[in-house]
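Topology and contacts: notes
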Amino acid sequence: MAEARTESWTGKRIVVSPVEVTNFLGSIPLLQQLPGTSIQKIAEVVEPLQFGKGEVLLREGTPEDGLYFLWKGEVEVSIPNSMGSHTLGLLKSGDYFGYASAELIKNLNKSDVTAISEVICFVLRNENAHLLSSVSIWAQQPDESEVALLERILELETLEVDLYKGYTKPDYPSFGGNVYGGQLLGQALAAASKSVDPALLVHSLHAYFLLTGDERMPIIYKVERTRNGHTFATRQVSAIQKGRVIFTMYASFQRSMEGFEHQESMPNVPTPDQLLSQDELRKRYFSDPRIPLKKREKWAGGKPTKSSPLDVKEVDPIDEVSKEALPPWQSVWMKSKGKLTDDPALHRCAAVYASDWTFLATAKRPHRTVPIQLLSLDHSMWFHKPFRADEWLLFVQSSPRASNGRGSVYGHFFNQNGELVMSASQEGLMRKLQKSDRSVAKSKL
């Protein structure tokens, strides 16, 4: 190859269909960690360049001029020396090399990169390097005060490709020192979503809660790329604390497609503006004459509760004073407090977080005379059509059966237009709470 490296080459600019560019860039792990809107912008500005066999794409000692994404063909990476060159390796389709930087002072290329067949690359030049950073859930926010709490909860720190770290910060909801189950679900789906083409969105997930999470410790999320396809992709995510897997999820992603449609009808219930919020319901107990005055004064003067990331309005709220048994079903309107970034993947992660908020408690309604310990065991969801998690969704929940120390619950999410957008199911531990249990780990719910 040494005799072919007699001059620098810039490549021949060619025309490639925007769909092909977007589909290819969406398969690059480095870019999958960005929102779909960022990848679309990158696809619009990259230069499609064609190089012939033996042409030099990058020459050692020249300034770095961009990030090259190798679409077709193979290139050789080598270091020139007195004997000719020393080959470091070969790069194939899907690999990338070079560097795009907005800094005025450029680094120098450390090696030669030479085409060993006809090659086509998409090149992101330095002036567009800012597109590799993003202000959204998938990257650190410059001003978190303007970001919805739920979006901050779902934010992950990238350790390396397919390895992330999540936190339970002091202002995040937790339960008895345990990590809230919906946080594990939402953060795990966020990790999985950062490993697929943004054109593919989650259509189903199945998760198991293996051990309770410790809110004082970070959570490591490890993603395994089980299957990659044009229409479907599958990911497995393990959540790890203290070297042990505490939670595991399988998630399947699908490219949008046309198909047959039918759905159940949404039940006729009051609209959100006709119902009280959970905070408003709680304050009503401060003046409820059925509750002793001293207890009401203690509640009213107690420590303020953590801010909830969700707006929740119950259609048939429980009377906390009465211990009357209730039917095993309930309907709840819910949405994120604050507007979320316009990223469909984020809205699905947010809805997964919310789905665990009231779900298993549905199985407890017929047994209100007995103190019950609840703990999520597994959780499944199916996503039927696009929605926004910062707009009201009606979560219709029912528990058809409780037995053998477990309760099962099923639910459907409808938007305000009556469209069925998601379905869910969960099973949880459900047993009488003994006095000796009250000092140990409590339910996530």
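What you are looking at is a predicted structure, and each value in this text was computed from that prediction instead of being measured.

Calculation criteria
- Residues numbered from 1 in each chain as written.
- Predicted model: local features only at pLDDT ≥ 70, side-chain atom pairs only at ≥ 80, totals over all residues.
- Heavy atoms only, no water.
- 1 Å grid on protein atoms, 1.4 Å probe; cavity = no way out; pocket = protein on both sides within 12 Å on 5 of 7 lines; lining within 4 Å.
- Points joined across faces, edges and corners; volume = space filled by probe spheres on them.
- Helix = DSSP H or I, 4+ residues; strand = E, 2+ residues; numbered from the N terminus.
- Nonpolar A, V, L, I, M, F, W, Y, C, P; charged D, E, K, R; others polar.
- Buried < 20%, exposed > 50% of the residue type's maximum accessible area, 1.4 Å probe, protein only.
- Polar contact = N/O pair within 3.5 Å; in protein donor to acceptor, adjacent residues only side chain to side chain.
- Contact = heavy atoms within 4.5 Å.
- Core = buried A, V, L, I, M, F, W, Y, C linked by side-chain atoms within 4.5 Å.
- Phe/Tyr/Trp six-rings, centres within 6.5 Å; stacked < 30°, edge-to-face > 60°.
- Lys NZ or Arg CZ within 6 Å of the ring centre and 35° of its normal.

What follows is about empty space enclosed by the protein. Rolling a probe over the atoms, with the probe sized like a water molecule, indicates the empty space that remains. Summed over all chains, the structure comprises one cavity of 30 Å³ or more. In this structure, the largest cavity occupies an estimated 60 Å³ of space. Together, Leu150, Leu310, Met334, Lys335, Ser336, Ala350, Ala351, Ala354, Ala389, Leu393 and Phe413 line the largest cavity. At the level of elements, strand E19 (329-336) and helix H8 (344-355) are the ones that each hand at least two residues to the lining of the largest cavity. Grouping the amino acids of the lining of the largest cavity by side-chain chemistry returns nine nonpolar, one polar and one charged.

Locating Thr248 in the fold gives a position in strand E17 (residues 244-255). Taking relative accessible area as the criterion, Thr248 reaches 16% and is therefore assigned buried. There is a polar contact of 3.5 Å between the side chain of Thr248 and the backbone oxygen of Val237. Look past the residues within four positions of Thr248 in its chain and what remains in contact with it is His206, Ala207, Tyr208, Leu210, Gln236, Val237 and Ser238.

So, on to the nonpolar core. Counting 64 residues, the largest nonpolar core has Leu184, Leu189, Leu205, Tyr221, Phe247, Met249 and Met422 as the members making the most contacts within it. Core analysis: the second largest hydrophobic core is formed by 21 residues, Val16, Ile39, Phe69 and Ile120 among them.

Let us now look at the layout of surface pockets. As a volume, the second largest pocket reaches approximately 880 Å³. Along the walls of the second largest pocket sit 22 residues, with Met257, Glu261, Phe383, His384 and Lys385 positioned nearest its centre. Among the elements of the structure, strand E14 (200-209), E17 and strand E20 (372-383) are those that each provide at least two residues to the lining of the second largest pocket. With three residues, E14 is the single largest residue contributor to the lining of the second largest pocket. Here the residues of the lining of the second largest pocket are counted per class, giving nine nonpolar, seven polar and six charged.

Tallied over the entire structure, the rule returns 12 aromatic pairs. Ring centres of Tyr180 and Tyr353 lie 4.8 Å apart, and the angle between their planes is 75°; this geometry places the pair in the edge-to-face category. With Tyr180 in the loop between strand E13 (178-179) and helix H5 (181-193) and Tyr353 in helix H8, the pair connects residues that are 173 residues apart, well separated along the chain. With a relative accessible area of 1%, Tyr180 lands in the buried category. A residue is classified by how much of its surface remains accessible, and Tyr353, at 0% relative accessible area, is buried. With a centroid separation of 5.3 Å and an interplanar angle of 85°, the aromatic rings of Tyr180 and Trp357 are classed as edge-to-face. Of this pair, Tyr180 sits in the loop between E13 and H5 while Trp357 sits in the loop between H8 and E20, placing them 177 residues apart in sequence. Looking at Trp357, the relative accessible area reads 16%, which means it is buried. Through a chain of ring-to-ring contacts, the aromatic side chains of Phe175, Tyr180, Tyr353 and Trp357 assemble into a single cluster. Over the face of the ring belonging to Trp71 we find Lys72, whose NZ or CZ atom lies 4.3 Å from the ring centre.

A word on the side chain of Asn415. By secondary structure assignment, the location of Asn415 is in strand E22 (residues 406-415). Here the side chain of Asn415 touches Asn417 through a polar contact of 3.0 Å, landing on its backbone nitrogen. Polar side-chain contacts of Asn415 include one of 2.7 Å to the side chain of Glu419. When residues no more than four places from it in sequence are discounted, the contact partners of Asn415 are Met266, Trp392, Leu393 and Val421.

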